[in-house]
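Here is what each chain is made of, one letter per residue.
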Amino acid sequence: MEKKMRILWLSAITCNGNTHSFLNYPHMEQFLDDFEFIYHPVIDSKYSLQEIVSNEIECEVLIIEGAISEEFQRGGVPIFEIIKNYSKRVQKILTVGTCATFGGIFRESDYKDTAGMHFDQDRALHNFSDFLDKTISISGCPIHPEVLVNTLYAIKKSVLLRVDNFLRPKEFYAYTVHNGCTRNEYFEYKVDNHKFGELEGCMFYDHGCQAPFTHGSCNKILWNEVNSKTRAGVPCFGCTEPSFPRDNLFNTKKNMAIPEHLPLGVNKRVYLTLAGITKAFKIDRFQKKILDD
Ligand code: SF4
Ligand code: SF4
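Fair warning: this is a prediction, and the values are worked out from it, not measured in the lab. (Residues numbered from 1 in each chain as written. Chains lettered and ligands numbered in written order. Predicted model: local features only at pLDDT ≥ 70, side-chain atom pairs only at ≥ 80, totals over all residues. Heavy atoms only, no water.)

**Q** Just checking my understanding: could you explain the packing of aromatic side chains for this structure?
**A** Any aromatic ring pair is given by two values, namely how distant the centres are and how the planes are angled relative to each other. One pass over the structure, following the stated rule, counts 22 aromatic pairs. Residues Phe237 and Phe250 carry aromatic rings whose centres are separated by 5.5 Å and whose planes lie at 90 degrees to one another, so their mutual orientation is edge-to-face. Within this pair, whereas Phe237 is found in the loop between α9 (229–232) and β10 (254–255), its partner Phe250 is found in the loop between α9 and β10, the two being separated by 13 residues in sequence. What links up through ring pairs into an aromatic cluster is the set Trp9, Phe22, Tyr25, Phe31, Phe35, Phe37 and Tyr153. Above the ring of Tyr175, the side-chain terminus of Lys220 is found at 3.9 Å from the ring centroid. Cation over ring: Lys229 sits above Phe237, and NZ or CZ is 5.0 Å from the ring centre. (Phe/Tyr/Trp six-rings, centres within 6.5 Å; stacked < 30°, edge-to-face > 60°. Helix = DSSP H or I, 4+ residues; strand = E, 2+ residues; numbered from the N terminus. Lys NZ or Arg CZ within 6 Å of the ring centre and 35° of its normal.)

Below is the structure:
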């Protein structure tokens, strides 16, 4: 039998949301045949936190969940020291979640200079630059469990993962969340939805959907293997991006009726031209309910 890959899951300043998301991975039994946690804050593991922080125990992957600050400690040891000690030993480091990657919600914590491991939002940091080459970022609030597990299998099988400027695997983050949404036709013809949860309409024009400028696979690798936010009728909040969280998540900010944030790569002129053309159509099919009440 192939040797199990050993993982240390270290929590920093976190709500443990990524841990909970990971626990929803539908094939956990199979996963645990191939990987083992030398330490995990929730799953039974071989060593205690105290043993982890006071020794340097062999493992191949370090997973960091949560934002970090020089002031923060785990088991009485500064988190910076624990990360440095294990980063030297492991093959790969995964920053799991938007907090560990960009600082996320916990940038607002009371700890000084709270940020991600290599980035404070989109600003590069240099405390851990020796380990940049072995880091992969899995951003998301929370992470998609399949993206984490598929990345771990790629590491185990020595598959080369090409990464973007924020170290996110392109396999999962090269697309926008808009790609694969069941509402694309409504987007094309500028038909917004009227109520959250409705089957009809796109949420970009009025309800703040950030999917056209957010990188992720939420509409290609479905959540719990069945659905995504936008398919269910809730706008994408852009949780994989360095700027997350933004204010005013359910409204599209506009200047003179033009959304402040346009789809990636689309400039104002192109947007206005397309909007002018689509406005000329009134397609009956898109004005109707898909299912009768
Ligand atoms: S709801 Fe969001 S993801 Fe879906 S088509 Fe509209 S903009 Fe794209
Ligand atoms: S749909 Fe958007 S907000 Fe929801 S998980 Fe995906 S990237 Fe995050």
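There is more to say after this.
**Q** Sorry, what's going on with the sheet that holds strand β1 (residues 5–11) here?
**A** Strands pair in a sheet through their backbones, by hydrogen bonds, and they do so in one of two ways: parallel or antiparallel. Pairing within the open sheet is parallel, and its 5 strands lie in the order β2-β1-β3-β6-β9. Strands with a single pairing partner mark the edges of an open sheet, and in this sheet they are β2 (35–39) and β9 (135–138). Here the average twist between neighbouring strands, direction ignored, is 25 degrees. The strands touched by helix α4 (residues 79–89) are β1, β3 (61–65) and β6 (92–96); relative to β1, the strand with the most contacts, the crossing angle is about 165 degrees. (Pairing = 2+ DSSP bridges. Axes fitted to C-alpha atoms, helices over the stretch in contact; angles between N-to-C directions. Contact = heavy atoms within 4.5 Å.)

**Q** Quick question: what am I supposed to make of the site of ligand 2 here?
**A** Within the structure, ligand 2 sits among Val177, Thr214, Cys218, Trp223, Lys229, Cys236, Phe237, Gly238, Cys239 and Thr240. Its residues assigned to classes, the shell around ligand 2 shows 6 nonpolar, 3 polar and 1 charged. (Near = heavy atom within 4 Å. Nonpolar A, V, L, I, M, F, W, Y, C, P; charged D, E, K, R; others polar.)

**Q** Help me understand the site of ligand 1, please; the structure alone is not making it clear to me.
**A** Taken together, His178, Cys181, Arg183, Asn184, Phe187, Cys202, Met203, Phe204, Cys209, Ala211, Pro212 and Thr230 make up all the residues around ligand 1. The residue makeup of the shell around ligand 1, split by class, is 8 nonpolar, 3 polar and 1 charged.

**Q** Got a minute to help me understand the domain arrangement of the protein in this structure?
**A** You'll often see interface size given as the accessible area lost when the parts meet. The domains assigned to the protein are domain 1 (5–170) and domain 2 (175–292). The C-alpha centroid of domain 2 is placed 31 Å from the C-alpha centroid of domain 1. At the junction of the two partners, domain 1 supplies 20 residues and domain 2 supplies 13 residues. Summed over both partners, the interface of domain 1 with domain 2 comes to about 1300 Å²; 61% of that surface belongs to carbon and sulfur atoms. Seen at the junction of domain 1 and domain 2, the total is 1 salt bridge. For the salt bridge of Arg168 with Glu241, the shortest nitrogen-to-oxygen distance reads 3.4 Å. Between domain 1 and domain 2 we count 7 residue pairs in polar contact (both at pLDDT 80 or more) in total. For the side of domain 1 that touches domain 2, the secondary-structure elements that each account for two or more residues are α5 (98–102) and α6 (145–156). Across the side of domain 1 that touches domain 2, the residue classes break down as 8 nonpolar, 9 polar and 3 charged. (Domains from an automatic or database assignment. Buried area = accessible area lost by both parts, 1.4 Å probe. Salt bridge = Lys/Arg side-chain N within 4 Å of Asp/Glu carboxyl O. Polar contact = N/O pair within 3.5 Å; in protein donor to acceptor, adjacent residues only side chain to side chain.)

**Q** Just checking my understanding: could you explain the UniProt feature "binding site: [4Fe-4S] cluster 2" (unreviewed entry) in the protein for this structure?
**A** Using the residue numbers shown here, the UniProt feature "binding site: [4Fe-4S] cluster 2" (unreviewed entry) corresponds to His178, Cys181, Cys202 and Cys209. In sequence the annotated residues extend across 32 residues, while in space they remain close, none of their C-alpha pairs exceeding 11.5 Å. Turning to its location among the elements, Cys181 is positioned in the loop between α7 (170–173) and α8 (184–188). The residues touching Cys181, leaving out its near neighbours within four places in the chain, are Asn219 and Thr230. Not counting the four nearest positions on each side in its chain, Cys209 is found in contact with Met203, Phe204, Thr230, Pro235 and Cys236. (UniProt positions renumbered as here; feature names shortened; annotations may be inferred.)

**Q** For this particular structure, what's the right way to read the pattern of salt bridges?
**A** As enumerated under the stated definition, the model contains 14 salt bridges in all. For Glu56, the salt bridge goes to Arg89, with nearest N and O atoms at 2.9 Å. Within this pair, whereas Glu56 is found in the loop between α3 (49–54) and β3, its partner Arg89 is found in helix α4, the two being separated by 33 residues in sequence. Using a relative accessible area of 32% as the deciding quantity, one classes Arg89 as partly exposed. Of the charged contacts in the structure, one is a salt bridge between Asp284 and Lys288, with a shortest N-O distance of 3.5 Å. (Buried < 20%, exposed > 50% of the residue type's maximum accessible area, 1.4 Å probe, protein only.)

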